[in-house]
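Working through the structure, step by step
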Amino acid sequence: MTHSETHSEVVETDAGAARITWHPAERARAVLAVGHGAGGGIEARDLQAIAAALPPHGVTVALVEQPWRVAGKKVAPAPKTLDTGWRGLWPALAKPGLPVIAGGRSAGARVACRTATELGAAAVLALSFPLHPPGRPERSRAEELLGAGVPTLVVQGGNDPFGRPAEFPPGTAYDLVEIPFGDHSFAVPKRADIGQEEAVKRITDAVVAWTAASGMLSA
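Read on for a plain summary of the structure. These numbers were taken from a predicted model, which means no experiment stands behind them.

What follows concerns the overall build of the protein. The helix and strand tally for the protein stands at six helices and eight strands. Shown N-terminal to C-terminal, the secondary structure of the protein runs as helices and strands in the order β-β-β-α-β-α-α-β-α-β-α-β-β-α. Relative to its length of 219 residues, the protein is compact, with a C-alpha radius of gyration of 16 Å against a globular reference of 17 Å. In terms of principal-axis extent, the alpha carbons of the protein reach across some 40 × 35 × 30 Å. Burial analysis of the protein (219 residues in total) assigns 53% to the buried set. Contacts spanning at least 24 positions in sequence make up 61% of the contacts within the protein whose residues lie at least 6 apart. Here the protein displays about 9800 Å² of accessible surface, and carbon together with sulfur accounts for 53% of that area.

In structure tokens form, the structure reads like this:
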């Protein structure tokens, strides 16, 4: 199976029909499953960039569409329903028999963190983790992140209103990579010192390096 053979499959879950779009690696050593956020789908620039960048490095990428998106709805359901959809997809993600890294952007990152230990994820990739609602730092979701229980990489925009890197709790429970000037969707303003292409490259470089780190996928 070469990494050019992208294909999709529909998976029935207790929350409805979900969809996985597979971007296979030729000699895969892991699967990175990435869910989208509450305001968009798998067309997000960071998800598409990761799906293109990881397979040549031996990681199959599975872009996951939650049932509400597959059904054409505009608004994401409650977190509990998102977790139900993710749980229902997991057997299909684990079917290749490889370690599965649970990942997601924004709301999808929260799902990955909440369910990682229960589902046996090898690690968690949290893109634009929504540490708190914009302007409401007192409503912290740090416990979800810190409770993942597996090696975790957070990739966060320097100007993300849902939580700037400096707002994240200190400690060794996770690694954090900052994308300078990036907002919640990693968009950088024209006045920034780095361009949009460079910002996206920093995301993919960080994920490639992290997935290649020795021992992380020994689970």
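In this structure, R110 sits in helix α4 (residues 107-119). Judged by relative accessible area, R110 falls into the buried class, the value being 15%. In the structure, R110 is positioned 22 residues away from H132 in sequence and 11 Å away in space, judged by C-alpha atoms. With sequence-adjacent residues up to four places away left out, R110 is seen in contact with F129, P130, R141 and E144.

Further remarks concern empty space enclosed by the protein. Over the atoms a probe the size of a water molecule is rolled, and this reveals where empty space is left. In total, this model carries one cavity of 30 Å³ or more according to the counting rule given. Here the largest cavity is characterised by a volume of approximately 70 Å³. Looking at the largest cavity, the residues that line it are G35, H36, G37, A38, Q66, W68, A76, L82, W86, A107, G108 and V111. Those elements giving two or more residues to the lining of the largest cavity turn out to be α3 (79-94) and α4. Looking at the lining of the largest cavity, its residues break down into seven nonpolar, five polar and no charged.

We now examine unusual backbone geometry. For F181, which is not a glycine, the phi torsion comes out positive at approximately 70 degrees. As for its placement among the helices and strands, F181 is situated in the loop between β8 (175-179) and α6 (196-212). Under the relative-accessibility criterion, F181 is labelled partly exposed at 26%. Unlike most non-glycine residues, F186 shows phi in positive territory, near 65 degrees. By the element assignment, F186 lies in the loop between β8 and α6. We classify F186 as buried; its relative accessible area is 0%.

In contact at an axis separation of 10 Å, α3 and α4 are set at 55 degrees when each is read in the N-to-C sense. Considering their axes alone, α3 and α4 lie oblique with respect to each other. Here the hand of the crossing between α3 and α4 comes out right-handed. For the pair α3 and α4, the contacting residues are P79, L82, D83, W86, R87 and W90 in the first and A107, V111, A112, R114, T115, E118 and L119 in the second. For the contact of α3 with α4, the per-class residue count stands at eight nonpolar, one polar and four charged.

Further remarks concern the pattern of salt bridges. All told, the structure shown has ten salt bridges when counted by the stated rule. Here R110 and E144 are joined by a salt bridge, their closest N and O atoms 2.7 Å apart. Here R110, found in helix α4, pairs with E144, found in helix α5 (residues 142-146); they are 34 residues apart in sequence, far enough to count as distant. This pair shows no difference in class: R110 is buried, exactly as E144 is. If you follow the salt bridges from partner to partner, you end up with D83, R110, R114 and E144 in one network.

Here is what the cut-offs are and how they apply
- Residues numbered from 1 in each chain as written.
- Predicted model: local features only at pLDDT ≥ 70, side-chain atom pairs only at ≥ 80, totals over all residues.
- Heavy atoms only, no water.
- Helix = DSSP H or I, 4+ residues; strand = E, 2+ residues; numbered from the N terminus.
- Rg over C-alpha atoms; globule rule 2.2 N^0.38 Å.
- Buried < 20%, exposed > 50% of the residue type's maximum accessible area, 1.4 Å probe, protein only.
- Contact = heavy atoms within 4.5 Å.
- Areas by Shrake-Rupley, 256 points an atom, 1.4 Å probe, with all protein chains shown as cover.
- 1 Å grid on protein atoms, 1.4 Å probe; cavity = no way out; pocket = protein on both sides within 12 Å on 5 of 7 lines; lining within 4 Å.
- Points joined across faces, edges and corners; volume = space filled by probe spheres on them.
- Nonpolar A, V, L, I, M, F, W, Y, C, P; charged D, E, K, R; others polar.
- Axes fitted to C-alpha atoms, helices over the stretch in contact; angles between N-to-C directions.
- Parallel < 35°, antiparallel > 145°, perpendicular 65-115°, else oblique.
- Left-handed = near helix turned anticlockwise from the far one by under 90°.
- Salt bridge = Lys/Arg side-chain N within 4 Å of Asp/Glu carboxyl O.

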